[in-house]
Amino acid sequence: MNFKYSVVCIIGLSIALIGCDGGPPEANAVNCSGKGMEKALSAFRNNETERQAFLDKCNALNK
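The shown structure was predicted, so the numbers you read here are calculated from the model rather than taken from an experiment.

## Considering helix α2 (residues 34–42)
What α2 keeps buried is the set G36, M37, A40 and L41. In a view along the axis of α2, the buried residues occupy a sector of 125 degrees, so they form one face of it. In α2, the exposed residues that point more than 90 degrees away from the buried face are K35, E38 and K39. Buried-residue contacts for α2 involve α3 (48–62).

## Remarks on α3
Here α3 is 15 residues long and its end C-alpha atoms lie 21 Å apart, about the 21 Å a rise of 1.5 Å per residue gives. Two to three positions downstream of the cap, the backbone nitrogen of T49 sits 3.3 Å from a side-chain oxygen, assigning the N-cap of α3 to N47.

## Quick notes on a nonpolar patch on the surface
Taken together, F3, V7, I11 and I15 make up a surface patch of nonpolar side chains, about 420 Å² in accessible area. Checked against the element boundaries, I11 lands in helix α1 (residues 2–19). Residue classification places I11 among the partly exposed positions, given a relative accessible area of 47%.

## Remarks on the state of the cysteines
Enumeration over the complete set of coordinates arrives at one disulfide. The partner cysteine of C32 in its disulfide is C58, sulfur to sulfur 1.9 Å. Because the torsion about its S-S bond is -70 degrees, the bridge between C32 and C58 counts as left-handed. Of this pair, C32 sits in the loop between α1 and α2 while C58 sits in helix α3, and the two are 26 residues apart along the sequence. Take C58: its relative accessible area is 1%, and that puts it in the buried class.

Calculation rules
- Residues numbered from 1 in each chain as written.
- Predicted model: local features only at pLDDT ≥ 70, side-chain atom pairs only at ≥ 80, totals over all residues.
- Heavy atoms only, no water.
- Buried < 20%, exposed > 50% of the residue type's maximum accessible area, 1.4 Å probe, protein only.
- Helix = DSSP H or I, 4+ residues; strand = E, 2+ residues; numbered from the N terminus.
- Arc of directions from axis to C-beta.
- Contact = heavy atoms within 4.5 Å.
- Expected span 1.5 Å × (residues − 1).
- Polar contact = N/O pair within 3.5 Å; in protein donor to acceptor, adjacent residues only side chain to side chain.
- Patch = residues over 30% accessible without salt bridge, like charges linked within 9 Å, V, L, I, M, F, W, Y side chains within 5 Å.
- Areas by Shrake-Rupley, 256 points an atom, 1.4 Å probe, with all protein chains shown as cover.
- Salt bridge = Lys/Arg side-chain N within 4 Å of Asp/Glu carboxyl O.
- Disulfide = S-S within 2.5 Å.

Here it is in structure tokens:
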């Protein structure tokens, strides 16, 4: 019984983690400075429009 419960929990947790896509990063104080900015901009490698929108939001936050 304990083994079956463990297997079910592992499968459930795996499905939950795979389902967490995260989406594009949000413009906030952490993502708009230093290492956070580097990681956030790497998410927008193939989409220049979204990247520019993210940078504009960061600039608005800094003002």
